[in-house]
Amino acid sequence: MTYLNYPVERSVVIVTGGTRGIGKEIVKQLAAEGYAVLFTHSNSDRDARDLEIELEGCGSKCRALRIDVSSDQAPSKIFDAAETLGIVTGLVNNAGITGPLGKLSKLSDSVLQRLIAVNLFAPILLCREAAQRWVGRDFRSTVINISSVAARSGSPDEYVAYAATKGAIETLSIGLAKELACHGIYVNAVSPGTIDTTIHARAGEPGRAQRVAERVPLRRPGESHEVAQAVVWLMSNKASYITGTVLCVAGGL
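Model, not experiment: these values are computed from the prediction.

What counts as what
Position labels on residues start from 1 in each chain and follow its written sequence. Totals for whole chains, interfaces and linings use every residue, but because this is a predicted model, local features are given only for residues with pLDDT of at least 70 and side-chain atom pairs only at 80 or more, for both listing and counting. The side-chain quantities take in all heavy atoms of the structure and omit both hydrogens and water. A helix here means a DSSP run of H or I that spans at least four residues, while a strand means a run of E at least two residues long, and both kinds are numbered starting from the N terminus. Only protein chains enter the area calculation, which uses a 1.4 Å probe; residues under 20% of their type maximum are buried, those over 50% are exposed, and those in between are partly exposed. A 1.4 Å probe and the Shrake-Rupley method give the accessible areas. Residues count as covered only by the protein chains that appear here. The convention is simple: Lys and Arg are positive, Asp and Glu are negative, and His and the chain ends are not counted. Every charge is mapped to an atom, namely NZ of Lys, CZ of Arg, CG of Asp or CD of Glu. Within 6.5 Å between ring centres, the rings of Phe, Tyr and Trp (the latter by its six-membered ring) count as paired, and their orientation is classed by plane angle as stacked under 30 degrees, edge-to-face over 60, tilted in between. Whether two strands pair comes down to DSSP finding at least two bridges between them. In this description, a line fitted to the C-alpha atoms serves as the axis of each element, helices being fitted only across the stretch in contact, and the angle between N-to-C directions of two axes falls anywhere from 0 to 180 degrees. Note on contacts: a residue pair is in contact if any heavy atoms of the two residues lie within 4.5 Å. Here roughly perpendicular refers to angles of 65 to 115 degrees, roughly parallel to angles under 35, roughly antiparallel to angles over 145, and oblique to all remaining angles. Whether a crossing is left-handed or right-handed is set by the direction in which the near helix is turned from the far one by less than a right angle, anticlockwise for left-handed and clockwise for right-handed. Under the convention adopted here, Pro, Cys and the residues Ala, Val, Leu, Ile, Met, Phe, Trp and Tyr are nonpolar, Asp, Glu, Lys and Arg are charged, and Gly plus all remaining residues are polar.

Q: In this structure, what is going on with the overall build of the protein? I would like to understand it.
A: Looking only at helices and strands, the protein features nine helices and seven strands. The principal-axis extents of the C-alpha atoms in the protein amount to approximately 50 × 40 × 40 Å. Taking all 253 residues of the protein together, 50% fall into the buried category. Surface summary for the protein: the accessible area is close to 11,600 Å², and the carbon and sulfur share equals 52%. Computed over 27 positive and 25 negative side-chain charges, the inter-centroid distance for the protein is 2 Å.

Q: What's the story with the packing of aromatic side chains in this structure? I'm lost.
A: Aromatic ring pairs are described here by two measures, namely the spacing of the ring centres and the angle between the planes. Tallied over the entire structure, the rule returns three aromatic pairs. Ring plane angle 40° and centroid distance 4.7 Å describe the contact between Tyr-6 and Phe-139, whose orientation is recorded as tilted. Remark: Phe-139 occurs in the loop between α4 (109–134) and β5 (141–146) and Tyr-6 occurs in the segment before β1 (11–15); sequence separation between them is 133 residues. Here Tyr-6 and Phe-139 have matching classes, each one buried.

Q: What should I look at first to understand the sheet that holds strand β4 (residues 87–93) in this one?
A: Two strands in a sheet stick together by hydrogen bonds in their backbones, pointing the same way (parallel) or opposite ways (antiparallel). What the seven strands build is an open sheet, ordered β3-β2-β1-β4-β5-β6-β7; its pairing is parallel. Lying at the two open borders of the sheet, with one neighbouring strand each, are β3 (62–66) and β7 (246–249). Within the sheet, the average angular offset between the axes of one strand and its neighbour, ignoring direction, is 20°. Pairing of β1 with β4 involves five bridges; the strand directions are parallel. Among the inter-strand pairings, Ser-11 is bridged to a residue of β4, identified as Ile-87. With respect to the sheet, helix α2 (residues 45–57) is in contact with β2 (36–41) and β3, its orientation differing from that of β3 by roughly 170°.

Q: Explain the packing of helix α3 (residues 74–83) against α4 here, please?
A: Working note: a packed helix pair is described by the angle between its axes plus the distance between those axes. Direction vectors running N to C along α3 and α4 enclose 50°, while the axes themselves pass 9 Å from each other. One element, α3, and the other, α4, form an angle in the oblique class. In this structure, α3 meets α4 at a crossing whose hand is right-handed. Across the interface between the two elements, Pro-75, Ser-76, Ile-78, Phe-79, Asp-80 and Glu-83 of α3 pack against Leu-125, Leu-126, Glu-129, Ala-130, Arg-133 and Trp-134 of α4. A breakdown of the residues in the contact of α3 with α4 according to their chemical character gives seven nonpolar, one polar and four charged.

Q: What is the right way to look at the environment of Val-216 in this model?
A: Residue position: Val-216 is located in the loop between α8 (208–212) and α9 (224–235). Expressed as a C-alpha distance, the spacing of Val-216 and Gly-252, which sit 36 residues apart in the sequence, is 6.5 Å. Ignoring any residue separated from it by four or fewer positions in sequence, one finds Val-216 in contact with Ala-250, Gly-251 and Leu-253.

Dropping the structure here:
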């Protein structure tokens, strides 16, 4: 059976972690395509409001929701908020944290627990919520999980625990895609390489993107909008025969 997209102008996409970097570009590009967007953030009220105003000024329907995506009630609250905007047809699990740069042996229990909660536990719960709400539809719904090239490299001496969570995200995407394909629910992952965002500064090395770019075949770090383009394409009917796939946006890595 072929599942067609619900009309874009009546569709809502949830994007977690939507006020900075890759997440912000995903929100902006989805809005430009005509989707309504519910995006979450944890403590960026001003950035969230600025993005709302920007998109509303362009005629887009969007709403920010401040919430801890790893909390027990987050999935129901996020979906309930999104459903006030229309029919939710997409979920982009983008929110993620790296923790500080360094060896795994130096990582504290509290940081490790937070990494797993935000990067893995939250996406699993949100995927479950999507499956519970979307099974039985006669049109296509889409989950896109943001992974990382670290899932393949392991990111030794820098982000081993982060890399492990991203490896698990790719496994989740592949398995869930097979489980839900018969219900018209597509599940894919996008795996960015080194992208020039503020995430490196928050981890303790603002210039990391340029340093790491030396080993990228294209000899430069990626830009957030390049990752967002892959997400928007996977959300569209142009990707109508693609599910259970990890799309690498990594400059050849």
